[in-house]
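The lines below spell out each chain.
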Amino acid sequence: MKSSLFAVLILLAVPALAQSPVPELPFDSVADFLKLPPGMNFGEVSGVAVNSRGHVFVFTRSNSAGGPAYAPSAAQLLEFGPKGEFVREVGKGLYAWSFAHTVRVDKADNVWVVDKGSDMIIKFNPAGRVVWVFGRRKESADDETGPWEHPDPPLPHVDGLFRQPTDVAWDSKGNTYITDGYVNSRVAKYDSNGDWVKSWGEKGTAPGQFRLPHAIAVDGEDRIYVGDRSNRRVQVFDAEGTFLRMFTIDVPPAPGTRAVNGNTPTGAALASAIGAPNSICITPGPNQVMFVGESTFPGRVFKVALDGTVLGVIGRSGRQLKQFSGVHQLACPSENEVYAAETSNWRVQKLILQPRPRAAGSATARQ
C-alpha cells in the first residue's frame with residue numbers, strides 16, 4: 001500500500017511532457033484591427049480582454065511621457081468596439097495606475113485590472129466606475145516608499161495585501177483568485193462578497209510552490225490553472241488550492257528563429273524559455289481548450305488541451321503580423337478567435353484560426 005501511494009505521488013510530482021512534434025496551426029492576423037485616435041499610440045501592451053458584447057479592453061503601458069525617466073506612471077485602460085473602433089478611456093488618471101499588468105472581464109461584464117506597480121487590483125462596473133479595490137499602494141508621502149526588494153526567501157505575506165500581483169480569475173461560484181506574483185509567490189482567494197478566504201503557495205520548485213505565478217485561468221469544473229512562468233510549467237489546483245497535477249510544453253522553436261530583442265538564447269537559457277507560460281486563457285465551454293503564450297522568445301502561442309496535450313503551435317518570434325514577441329496576455333472568446341497582447345511589439349493582434357474539421361456524420365458533413 002505504501003509503495004503504491006509513493007508511486008502515485010511521484011507521478012503527480014513529475015511534469016507531463018507534451019508530445020513533439022506538433023502541427024503548425026493555420027491562422028490569420030487582422031491587420032490594423034484596433035483604431036486608436038489620431039496621434040495616439042500604445043506603449044507596451046500588457047493586457048487584453050473581451051466582454052460579452054465583443055468590446056475589447058486593452059491595458060497598455062502608456063501615459064508616461066510626463067513622468068521621470070525612472071518609474072513614471074505607465075498604465076492606461078482603453079476600450080474598443082467589436083469592429084476595433086475606439087470607444088473611451090476607462091479610469092483616466094486613476095490613483096491605482098502605476099505599471100499595467102493584466103485586464104480581465106468577468107461573466108457580468110465587470111472589468112478587472114491588475115497593476116503590478118501599485119500592488120492593486122481594481123474592479124470596474126460596465127459603466128467604468130470603480131466598485132471594489134484590493135490591496136493598497138505605497139503612500140507617496142512616506143520616506144520608505146520605493147521599489148520592493150526581493151529577499152530569498154520572501155518576507156511573510158500579509159492577508160489582503162500584495163507585492164507585484166500579476167493576474168485574476170473567477171470560478172463558477174464567484175470566488176476571485178489573484179496571482180501574487182513577483183514577490184509573494186502565492187495565489188490569493190476571495191469569496192463572492194470580496195472577503196478574504198485564504199492563500200496558498202510559496203517560493204520554490206516543488207508541486208504547489210511557485211517561482212513566478214504570472215497567469216491564472218479557471219475551467220468549467222472550477223479547476224485553477226496557474227502559469228508558473230519561471231518554473232516553466234502550468235500547475236492545476238482545485239478551488240481550495242489542493243495540487244492536482246502539472247504539465248510543461250516542450251516544443252523546440254523552428255531552426256533559424258531569432259529573438260526580437262537581445263541575443264537569441266541557446267543551451268540552458270533556451271531550455272528555460274521554451275513553453276514558459278507568460279499568458280494563458282481558456283475558451284468558454286462546453287469543449288474547452290487553453291491557449292498559452294510564451295514570453296519574448298521563442299514568442300509563440302500554443303493551443304493546448306486541458307490535460308496538457310499540445311494541439312498545435314501558432315506563429316513564431318518576430319515583428320511582422322502573425323509573429324510575436326512578449327505575448328503577455330491572451331483573450332480567447334472562442335476556439336477560433338484569439339487576441340494577443342504583446343509587450344515587446346507594442347500591439348494587440350486579433351488572430352483568426354481555421355476551425356477544426358467536423359467529424360464525419362455531422363450536420364455540415366452530411367450537406
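Here we summarise the structure given alongside this text.

Definitions and limits used
Residues numbered from 1 in each chain as written. Predicted model: local features only at pLDDT ≥ 70, side-chain atom pairs only at ≥ 80, totals over all residues. Heavy atoms only, no water. Disulfide = S-S within 2.5 Å. Helix = DSSP H or I, 4+ residues; strand = E, 2+ residues; numbered from the N terminus. Buried < 20%, exposed > 50% of the residue type's maximum accessible area, 1.4 Å probe, protein only. Polar contact = N/O pair within 3.5 Å; in protein donor to acceptor, adjacent residues only side chain to side chain. Contact = heavy atoms within 4.5 Å. Pairing = 2+ DSSP bridges. Axes fitted to C-alpha atoms, helices over the stretch in contact; angles between N-to-C directions. 1 Å grid on protein atoms, 1.4 Å probe; cavity = no way out; pocket = protein on both sides within 12 Å on 5 of 7 lines; lining within 4 Å. Points joined across faces, edges and corners; volume = space filled by probe spheres on them. Nonpolar A, V, L, I, M, F, W, Y, C, P; charged D, E, K, R; others polar. Phe/Tyr/Trp six-rings, centres within 6.5 Å; stacked < 30°, edge-to-face > 60°. Lys NZ or Arg CZ within 6 Å of the ring centre and 35° of its normal.

**Re the state of the cysteines**
Then step 1. One pass over the full model with this rule turns up one disulfide.
Then step 2. For Cys281, the disulfide goes to Cys332, at an S-S distance of 2.3 Å. Of this pair, Cys281 sits in strand β19 (residues 279-282) while Cys332 sits in strand β25 (residues 327-334), placing them 51 residues apart in sequence.
Then step 3. Given the relative accessible area of 3%, Cys281 is considered buried.

**Quick notes on the side chain of Arg61**
Then step 1. Relative to the assigned elements, Arg61 resides in strand β4 (residues 56-61).
Then step 2. Here Arg61 falls in the buried class, since its relative accessible area comes to 12%.
Then step 3. At 2.8 Å, the side chain of Arg61 and the backbone oxygen of Ala100 are in polar contact.
Then step 4. Residues in contact with Arg61, not counting those within four places in the same chain, are Gly43, Glu44, Ser46, Ala74, Ala75, Phe99, Ala100, His101, His328 and Thr343.

**Concerning the sheet that holds strand β2 (residues 27-29)**
Strand pairing in a sheet relies on backbone hydrogen bonds, with the paired strands running either antiparallel or parallel.
Then step 1. Strand order across the open sheet formed by four strands is β2-β27-β26-β25, with antiparallel pairing between neighbours. Taken across any chain shown, the strands that pair with only one partner, and hence form the sheet edges, are β2 and β25. In this sheet, adjacent strand axes meet at a mean angle of 25° when their direction is disregarded.
Then step 2. Where β2 meets strand β27 (residues 347-353), three bridges bridge the pair, whose relative direction is antiparallel. Residue pairing in the sheet places Phe27 in a bridge with Leu353 of β27.

**What to know about the pairing of β19**
Then step 1. Burial along β19 is two-sided: the face carrying Ser279 and Cys281 and the face carrying Ile280 and Ile282 are both buried.
Then step 2. One ladder, built from four bridges, connects β19 with strand β20 (residues 290-293); its direction is antiparallel. Within β20, the position partnered with Ile282 by the bridge is Met290.

**What to know about the layout of surface pockets**
Then step 1. The volume enclosed by the largest pocket comes to roughly 1,000 Å³.
Then step 2. Along the wall of the largest pocket there are 38 residues; nearest its centre are Val105, Asp106, Lys107, Trp170 and Ile282.
Then step 3. If you list the elements that add at least two residues to the lining of the largest pocket, you get β3 (44-50), β7 (100-105), β11 (165-170), β15 (213-218), β19 and β25.
Then step 4. When residues in the lining of the largest pocket are grouped by element, the largest group, four residues, is from β25.
Then step 5. Per-class residue counts for the lining of the largest pocket are 19 nonpolar, 11 polar and eight charged.

**Some thoughts on the packing of aromatic side chains**
Then step 1. Here the structure, examined in full by the defined rule, presents 16 aromatic pairs.
Then step 2. Their ring planes at 65° and their centres at 6.1 Å tell us that Phe42 and Phe80 sit as a pair that is edge-to-face. In this pair, Phe42 is assigned in the loop between β2 and β3 and Phe80 in strand β5 (residues 76-80), connecting sequence segments 38 residues apart.
Then step 3. Taking the relative accessible area as the measure of exposure, Phe42 reaches 11% and is therefore buried.
Then step 4. When its relative accessible area of 0% is taken as the criterion, Phe80 is described as buried.
Then step 5. Three or more aromatic residues joined by ring pairs form one cluster here, namely Trp112, Trp132, Phe134, Trp170, Tyr190 and Trp196.
Then step 6. For Lys138, the ring lying beneath its charged end belongs to Trp148, and the centroid distance is 3.7 Å.

**A few points about unusual backbone geometry**
Then step 1. Residue Gly181 is reached from Asp180 by a cis peptide bond, and omega for that bond is -15°.
Then step 2. The residue after Phe297, namely Pro298, is reached through a cis peptide bond having omega 0°.
Then step 3. Tracing the backbone through its elements, the reader meets Pro298 in the loop between β20 and β21 (301-304).
Then step 4. The backbone of Asp32 shows a phi angle near 50°, a positive value even though the residue is not glycine.
Then step 5. Looking at the element boundaries, Asp32 is found in the loop between β2 and β3.
Then step 6. Even without being a glycine, Asp222 presents a positive backbone phi close to 60°.
Then step 7. Structurally, Asp222 is set in the loop between β15 and β16 (224-228).
Then step 8. Looking at Asp222, the relative accessible area reads 11%, which means it is buried.

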